[in-house]
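Per-entry structural report
The chain contents come next:
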Amino acid sequence: MQPIRLGLVGYGKIAQDQHVPAIRANPAFELVAVATQGQPCAGVENLQSLGELLENGPHVDAIAFCTPPQGRFGLVRQALAAGKHVLVEKPPCATLGEAMALVDLAREQGASGLYAWHSRYAPGIEAARDWLASRTLQSVRIDWKEDVRKWHPGQAWIWQPGGLGVFDPGINALSIATHLLPLALFVESAELRVPDNCQSPIAASIKMADARQLDIRAEFDFDHGHDELWSIEIRCAEGVLRLDNGGALLSIDGVRQAVSEEGEYAAVYRHFQQLIKDKASDMDLQPLRLVADSFFVGSRTLVEPFYD
Ligand SMILES: NC(=O)C1=CN([C@@H]2O[C@H](COP(=O)(O)OP(=O)(O)OC[C@H]3O[C@@H](n4cnc5c(N)ncnc54)[C@H](O)[C@@H]3O)[C@@H](O)[C@H]2O)C=CC1
Ligand SMILES: O=C1O[C@@H]([C@H](O)CO)[C@H](O)[C@H]1O
């Protein structure tokens, strides 16, 4: 079986930290070209742009997008129009409307598209989903708190319109919650704390619910320093489920549970490989819809300026 020839656009932090190692560890893929505006990627052809990759680069079957969300719509549309399968980092686009349009375009092109909500592939998620399936939900508490200076050093785009600020990591928690909980979630209220020199929030408090009025509270913080916290606690009539470390750890009533041994991005690319084989797509919009709704109804509080 010939490997899937893969191009990658945006050779920045996550591409270097996660995508390229995961691609190179999966024999179903061959990374053949990278288009980026920064440092080159060793061992492949490097091009200045997606257009140059498509016009003058080596043939590719699929393209992974690791650029910032702003401007990503035009790039993914270009790749779909060229008949390529696409894997798109989260958040899929700078707006919900763009992300919806790409779903239509992938369908029209008969291409496989994956919106790579990487936290949904964390080791404890599927075991958590299986346990919750037969339980009676009572409340959900999400705490997603990390250091932007560690995970996005010098990345001005994250504070600009479309960059989402603290919702860039917070959307990962929302991707897990929408994957675990059976009914559609909606935002009841939100408070967004925006540095007065930024366009997007550095912290947020969100109250959500579902049609059965499940009480869901989330606290996001992007300036949390060293004691980072990525936890989701789901109280049920039958017991308490807790995910920690972004879903890597699962405990039920305080007892640690067995989880998958596969890393997030290895699982992301294995899923992409299967989608291409099955001529299918997985382009879920729910996490981005919750972020959009948080921005719709969120009150804004200006806080002290943020400096990287
Ligand atoms: N930093 C992290 O820990 C994680 C980031 N992500 C997501 O990955 C995406 C990228 O994040 P980072 O890698 O941290 O950002 P980054 O700023 O380090 O990398 C973005 C790269 O895209 C390149 N680029 C921008 N526009 C381009 C274009 N038109 N054509 C070609 N290359 C272009 C830039 O030169 C840069 O190398 C974001 O959506 C983020 O939410 C996902 C998981 C973790
Ligand atoms: O997707 C993302 O994950 C975090 C970080 O890498 C782990 O929580 C990052 O802020 C965000 O882009």
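Computed from a predicted structure; not experimentally measured. (Residues numbered from 1 in each chain as written. Chains lettered and ligands numbered in written order. Predicted model: local features only at pLDDT ≥ 70, side-chain atom pairs only at ≥ 80, totals over all residues. Heavy atoms only, no water.)

Considerations on the UniProt feature "domain: Gfo/Idh/MocA-like oxidoreductase N-terminal" (unreviewed entry) in the protein
Selection rule: UniProt positions are given in the numbering used here, feature names are shortened, and annotations may be inferred rather than shown by experiment. The helix count covers DSSP runs of H or I at least four residues long, the strand count covers runs of E at least two residues long, and both are numbered beginning at the N terminus.
Under the present numbering, the feature "domain: Gfo/Idh/MocA-like oxidoreductase N-terminal" (unreviewed entry) in UniProt falls on residues 4-111. Measuring from the first to the last C-alpha atom of residues 4-111 gives 14 Å, for a span that is 40% helix and 23% strand.

Section: the site of ligand 1
Using the following cut-off: The rule for a residue being near a molecule or strand is that one of its heavy atoms must lie within 4 Å of it. Distance and chemistry together define a polar contact, namely a pair of N or O atoms within 3.5 Å, with one atom able to donate a hydrogen and the other to accept it when in protein, and with adjacent residues in sequence counting only for side-chain atoms on both sides. Methods summary: accessible areas were calculated by the Shrake-Rupley approach with a probe of 1.4 Å, and residue burial reflects only the protein chains presented. The pocket and cavity definitions rest on a 1 Å grid over protein atoms only: a 1.4 Å probe that fits but cannot leave marks a cavity, an open set with protein on both sides within 12 Å along at least five of seven lines marks a pocket, and residues lining either have an atom within 4 Å of a point. Molecules are considered to sit inside a cavity or pocket once more than half of their atoms lie within 2 Å of its grid points. Residues are grouped as follows: nonpolar covers Ala, Val, Leu, Ile, Met, Phe, Trp, Tyr, Cys and Pro; charged covers Asp, Glu, Lys and Arg; every other residue, Gly included, is treated as polar.
In the region of ligand 1, 26 residues are neighbours, and I14, R72, K90, Q155 and D168 sit closest. Separating an oxygen atom of ligand 1 from a side-chain N or O atom of R72 is a distance of 2.7 Å. Here ligand 1 has 830 Å² of accessible area as a free molecule, and 83% of this is covered by the chains. Placement of ligand 1 is best described as lying within the largest pocket. When residues of the shell around ligand 1 are traced back to their parent elements, those giving at least two are α1 (13-24) and α3 (72-81). Its residues assigned to classes, the shell around ligand 1 comprises 12 nonpolar, 9 polar and 5 charged.

Thoughts on the packing of helix α7 (residues 167-180) against helix α9 (residues 286-297)
Two numbers describe a pair of packed helices, the interaxial angle and the distance between the axes. Short version of the rule: Fitting a line to C-alpha atoms yields each axis, with helices limited to the stretch in contact; the angle taken between N-to-C directions then spans 0 to 180 degrees. Roughly parallel covers angles under 35 degrees, roughly antiparallel covers those over 145, roughly perpendicular covers 65 to 115, and oblique covers all other angles. Handedness of a crossing follows from how the near helix is turned relative to the far one, being left-handed for an anticlockwise turn of less than a right angle and right-handed for a clockwise one. Whether two residues touch is decided by their heavy atoms; if any such pair falls within 4.5 Å, the residues are in contact.
Look at α7 against α9: their axes get within 8 Å of each other, and the N-to-C directions meet at 125°. If you check the angle between α7 and α9, you find them oblique. Both α7 and α9 take part in a crossing whose hand is right-handed. Between α7 and α9, the contacting residues are F167, I171, L174, S175 and T178 on the first element and Q286, P287, L288, L290, V291, S294 and F295 on the second. When grouped by side-chain class, the residues that make up the contact of α7 with α9 number 8 nonpolar, 4 polar and no charged.

Notes on the environment of M208
By the secondary structure assignment, M208 is in strand β9 (residues 203-209). Between the C-alpha atom of M208 and that of E188, which follows or precedes it by 20 residues, the distance is 5.2 Å.

Some remarks on the sheet that holds β9
Either a parallel or an antiparallel arrangement is found when strands of a sheet pair, and the pairing is made through backbone hydrogen bonds. The line we're drawing: Any two strands are treated as partners once DSSP identifies two or more bridges connecting them.
If you walk across this open sheet you meet the 9 strands as β14-β13-β12-β11-β7-β10-β9-β8-β15, and the pairing is mixed. Across the chains shown, the open sheet's two edge strands, defined by having one partner strand only, are β14 (255-256) and β15 (299-303). Strand direction decides the pairing type here: strand β13 (residues 249-252) and β14, joined by 2 bridges, are antiparallel. In the strand pairing of β14, I252 is matched with V255. Taken strand by strand, helix α5 (residues 125-132) contacts β7 (137-145), β11 (229-236), β12 (239-244) and β13, and its axis lies near 165° from that of β12. Contacts from α7 reach β7, β8 (186-195), β9, β10 (215-221), β11 and β12, with the element oriented near 155° to β7.

Comments concerning the site of ligand 2
Neighbouring residues of ligand 2: K90, H118, E146, W151, H152, D168, P169, N172 and W230. Measuring from an oxygen atom of ligand 2, one finds a side-chain N or O atom of H152 at 2.7 Å. At 2.4 Å, a side-chain N or O of D168 approaches an oxygen atom of ligand 2. Alone, ligand 2 offers 320 Å² of accessible surface; in the complex the protein occludes 81% of this. Taking a 2 Å distance to the grid points as the criterion, the majority of the atoms of ligand 2 fall inside the largest pocket. A class-by-class count of the residues in the shell around ligand 2 yields 3 nonpolar, 3 polar and 3 charged.

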